[in-house]
Amino acid sequence: MRKTSNLKLCSPTDCELKVDKITSEEKDDIMKTFNEKMRTFLKNGKKLYEEELENLDESKKKFSSVLKFYHFQPRSSVAGEETNPKDFFFYGLHSAWISNIMAERNSSEEKERRTQIKKYKKRESGLKATMKNLSNDLEDF
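Keep in mind it's a predicted model, so treat the numbers as computed, not measured.

Draft legend 1. Expanded view of the overall build of the protein. Summing up its helical and strand segments, the protein has four helices and zero strands in all. Tracing the protein from N to C terminus, the helices and strands come up as α-α-α-α. Each of the 141 residues in the protein was classed as buried or not, and the buried ones make up 8%. Excluding contacts between residues fewer than 6 apart, the proportion of contacts in the protein whose partners are at least 24 apart in sequence is 22%.

Structure, rendered in structure tokens:
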């Protein structure tokens, strides 16, 4: 689970208002350069913010199409409520996680079992082995 930072995100207009408040108090040359740098910074930030909002909308659309493709309906869903991605990915990741753990356990148990098995040399027994031993003993005379 990710921890969210304690920083409070504000919209670009809130930041612009704060910069205006700071720069309106003093009219030095230093404040002019600060104001210029902050304006370019805010302009770039606003552009990135809008791009991220577009990416968010696009990913929401793609996610809803994936839900429709798999006919996914969460168990705890209320009509009209948006499905959270963690509800969808929980089932697939959970089953994959369990199958991986079971495979690792089985392979480790198999290795342990192989090391515990002692191999003995099999002694020949039966009629063929007896006849062979007798013939070898006769040849030795």
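Draft legend 2. Examining a negative patch on the surface more closely. Together, Glu50, Glu51, Glu52, Glu54 and Asp57 give the surface a local cluster of negative charge. Tracing the backbone through its elements, the reader meets Glu51 in helix H2 (residues 29–69).

Draft legend 3. How the structure looks around H2. The terminal C-alpha atoms of H2, which comprises 41 residues, lie 60 Å apart, in line with the 60 Å expected from a rise of 1.5 Å per residue. Every buried residue of H2 is listed here: Met31, Leu42, Phe63 and Leu67. His71, located one to two residues past H2, shows a positive phi value of around 50°.

Draft legend 4. Molecular detail of the confidence of the model for the protein. Summary statistics for the protein give a mean pLDDT of 76 and a share of 75% for residues scoring 70 or more. When the elements of the protein are averaged for pLDDT, helix H3 (residues 85–116) gives the smallest value, 73, and H2 the largest, 88. Within the model, pLDDT remains below 50 along residues 1–7, and this stretch shows zero contacts once partners closer than five positions in the same chain are excluded.

Draft legend 5. Up close: the environment of Glu16. When you line up the elements, Glu16 lands in helix H1 (residues 12–25). Between the alpha carbons of Glu16 and Leu42 there is a distance of 7.1 Å; along the sequence they are 26 residues apart. Excluding its chain neighbours within four sequence positions, the residues that come into contact with Glu16 are Arg39, Leu42 and Lys46.

Draft legend 6. Main features of a nonpolar patch on the surface. There is a patch of nonpolar side chains on the surface, built from Tyr49, Leu53 and Leu56 and spanning about 260 Å² of accessible area. A relative accessible area of 39% means that Leu56 is categorised as partly exposed.

Draft legend 7. Structural context of the side chain of Thr23. Here Thr23 is to be found in helix H1. Judged by its relative accessible area of 9%, Thr23 is buried. Within the structure, the side chain of Thr23 is placed 2.8 Å from the backbone oxygen of Val19, a separation counted as a polar contact. A polar contact is formed between the side chain of Thr23 and the backbone oxygen of Asp20, at a distance of 3.3 Å. Ignoring anything within four residues of it in the chain, the contact list for Thr23 reads Met31, Phe34 and Asn35.

About the criteria used
- Position numbers for residues start from 1 in each chain and track the written sequence from start to end.
- Thresholds applied to this predicted model are a pLDDT of at least 70 for local features of residues and 80 or more for the giving and counting of side-chain atom pairs; totals over whole chains, interfaces and linings are not thresholded and use all residues.
- Neither water nor hydrogens contribute to the side-chain values; these are computed over all heavy atoms in the structure.
- Helix and strand definitions here come from DSSP, where helices need a minimum of 4 consecutive H or I residues and strands a minimum of 2 consecutive E residues; each element is numbered from the N-terminal end.
- Here the term buried applies to any residue with accessible area under 20% of the maximum for its type, exposed to any over 50%, and partly exposed to those in between, with areas from a 1.4 Å probe on protein chains only.
- We call two residues in contact when some of their heavy atoms are within 4.5 Å.
- Patch definition: residues with relative accessible area over 30% and no salt bridge; like charges joined within 9 Å; nonpolar side chains (Val, Leu, Ile, Met, Phe, Trp, Tyr) joined within 5 Å.
- Per-residue and other accessible areas were derived by the Shrake-Rupley procedure at a 1.4 Å probe size, with only the shown protein chains allowed to occlude residues.
- Any Lys or Arg side-chain nitrogen found within 4 Å of a carboxyl oxygen on Asp or Glu counts as a salt bridge.
- Charge assignment in this entry is limited to Lys and Arg as positive and Asp and Glu as negative, and neither His nor the chain termini are counted.
- Taken as the charge centre is NZ of Lys, CZ of Arg, CG of Asp or CD of Glu, depending on the residue.
- Here a helix's expected span is defined as the number of its residues, less one, multiplied by 1.5 Å.
- pLDDT measures the predictor's confidence residue by residue and takes values from 0 up to 100.
- We call two N or O atoms a polar contact when they sit within 3.5 Å, provided that within protein one can donate a hydrogen and the other can accept it, with sequence-adjacent residues counted only if both atoms are side-chain atoms.

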